[in-house]
Each structure stands twice: as structure tokens, then as C-alpha cells.
Amino acid sequence: MKLSILLISFLFFTRTLQAQDFGDAAQTDITRKDYTRAFESTKIDAQRGDPKAQGELGLMYEKGLGTDPDDKNAAYWLTKAAKKGDVNSENNLGFLYFNGHGVTQDYTQSLQWFQKAADQGLASAQANLGLMYGAGLGVSKDYSKALEFFKKAADQDDLDAQVNLGMMYSLGEGTSQDNKTAYFWFYRALQHVFEDGDKKNEVRDDIQWLEKHMNNEDVAQAKTKAMHWRSAGNPTETTPPASEP
């Protein structure tokens, strides 16, 4: 079955783990591509104990912006920030533990840091937890928990979580099989800007496959619901017209 193959490539493909990018502390200089200035100013703030600056300094070491790449220093500063409760750093530290960058690879540690960030409502961390539970990494495989975390992230309009929810509903993993709900989440995901053109094409393929197994009324209802959907964090946002699959 085509969707079973796609589930492996989307739901359990670890490249879909999400790290957070820069926030306000370094963003202006990063945007200007003045990486040396961004690194120096961020380092000063980090040494003064600012957790957001510490987290962003960790990112700069990881990415090699304004300095040589240094995974150990990245882990050092992200750990300091994460221990102070900086939500983006909690998620990024989980990412380092997952990949073994600057620290010993440890799925259990990765899961714990993702959980801390998810508890603060970070959508990318919730989506990461969904992947961990779905693949059974650092925890026993649990499709119901995976579905729960994907739903939390999808409700905040997280693209990867919406795609993975579509997969789970289409296959009945962690929930009853439901083509109409699967179609809704796939179609909602299609409203995003995709950085990966191949991924967008596969979502289109999934939509077309579902249309062959649904009646026209259910397709129309799911499509209309997706076009008028509002994320939990932005109840007044406007949704652009849906692009046709």
C-alpha cells in the first residue's frame, strides 16, 4: 500500500526533527550577515548570564557563524540556557542529544529535553516528541502518544505534524482509520510554503490517493474545513486560498 511506504519516509525519517533558529538577541546582525559582530555581542550577553543569548551563542557555535564550528561549545551554552528554562534551547539541546553532536548520543536525554520544551507549548518540540514515540526512540513505541503530540503541534499549524497526522489517520495508527480527517490534515499542510519540493509533491500524491477512496461530499467538506481552519495560537488569522493538489 502506497501510504504505508510514505509513513516510513515521513513519520520515522529523523531528518524531520526540528531545531529552533535565532530569536531577537542576534537576529538583526544575523539578517545583515554580520556574523562576527553577532557572535561577539551575543557572547558578551551570554557571559552575563542571559539565557536567550546563551542559547543563541550555542546555535552560532553549532552553525559556525562568526566562529569556527564547535559542537562541544554549542552543547555547553545550550545546556546552560536549557537549565534556565529557555524553551528554544531545551528543544535544541534535545536535538544535539538525538544526533550526538557535542554530547554522547542519548535518546533518553533527547526525549527529556523535548518534553520540557513541549510542556512549555513549543510546537516543534511537540512534533519531535511525536516522532520519538512513533519510532520508539528513548521510549517504548506508542502510536497513541505520537498522535497526541502531533495533534498538539498541528493545532499550532506545524507543517510536519500536520503531515504526520494525515499519515496516522490514513493508516489508523494510534486512532481509528479516517480518510476524511487524513484528507483535512494533508490539505491543511498543503497551505504552507514547503522548503522541500519533493515533500510537497508527496503530500499532493497522498491527497490524490485519498480522493480515489472518498466520496465527493466528504472531500468537499474536508477541503472547506481546511481552507477556513484557524490555528490554536492565532484564532483571528486569515488562511490563504487553498492550492489545488
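Here goes a summary of the coordinates provided.

The rules behind these values
Residues numbered from 1 in each chain as written. Predicted model: local features only at pLDDT ≥ 70, side-chain atom pairs only at ≥ 80, totals over all residues. Heavy atoms only, no water. Helix = DSSP H or I, 4+ residues; strand = E, 2+ residues; numbered from the N terminus. Buried < 20%, exposed > 50% of the residue type's maximum accessible area, 1.4 Å probe, protein only. Contact = heavy atoms within 4.5 Å. Expected span 1.5 Å × (residues − 1). Core = buried A, V, L, I, M, F, W, Y, C linked by side-chain atoms within 4.5 Å. Phe/Tyr/Trp six-rings, centres within 6.5 Å; stacked < 30°, edge-to-face > 60°. Lys NZ or Arg CZ within 6 Å of the ring centre and 35° of its normal.

**Focus on the environment of His-101**
So, step 1. For His-101, the position within the fold is in the loop between α6 (87–99) and α7 (107–119).
So, step 2. Note on His-101: relative accessible area 31%, which makes it partly exposed.
So, step 3. Filtering out sequence-adjacent residues up to four positions away, His-101 remains in contact with Asp-71, Ala-75 and Leu-96.

**Here we look at α6**
So, step 1. The end-to-end C-alpha distance of α6 is 19 Å, a good match for the 18 Å that 13 residues give at a rise of 1.5 Å each.
So, step 2. Among the residues of α6, Val-87, Ser-89, Glu-90, Asn-91, Asn-92, Leu-93, Gly-94, Phe-95, Leu-96, Tyr-97 and Phe-98 are the ones counted as buried.
So, step 3. Buried residues belonging to α6 abut α4 (51–63), α5 (71–83), α7 and α8 (123–135).

**Some points on the nonpolar core**
Where a protein is soluble and globular, its nonpolar side chains tend to be buried together.
So, step 1. Membership of the largest hydrophobic core comes to 46 residues, with the highest contact counts inside it found for Tyr-183 and Phe-186.
So, step 2. Secondary-structure elements contributing two or more residues to this core are α6, α7, α8, α9 (143–154), α10 (159–171), α11 (179–189), α12 (197–211) and α13 (216–227).
So, step 3. Formed by 10 residues, the second largest nonpolar core is a distinct cluster that contains Ala-38, Ala-46, Leu-57 and Trp-77.

**What about the packing of aromatic side chains?**
So, step 1. Under the definition given, this model contains seven aromatic pairs.
So, step 2. When the ring of Tyr-183 is compared with that of Tyr-187, the centres are 5.8 Å apart and the planes differ by 10 degrees; the resulting orientation is stacked. Residue Tyr-183 and its partner Tyr-187 are both found in helix α11; the two are separated by four residues, about one turn of the helix. Here the two residues Tyr-183 and Tyr-187 agree in accessibility, since each one is buried.
So, step 3. Centroid distance Trp-185 to Trp-229: 5.9 Å. Interplanar angle 75 degrees. Geometry classified as edge-to-face. Residue Trp-185 is located in helix α11, and its partner Trp-229 is located in the segment after α13; the two are separated by 44 residues in the primary sequence. In terms of burial, Trp-185 and Trp-229 fall into one category: buried.
So, step 4. An aromatic cluster of at least three residues, connected via ring pairs, comprises Phe-184, Trp-185 and Trp-229.
So, step 5. Of note, Lys-116 hangs over the ring of Trp-113, and the distance from its end group to the ring centre comes to 5.8 Å.

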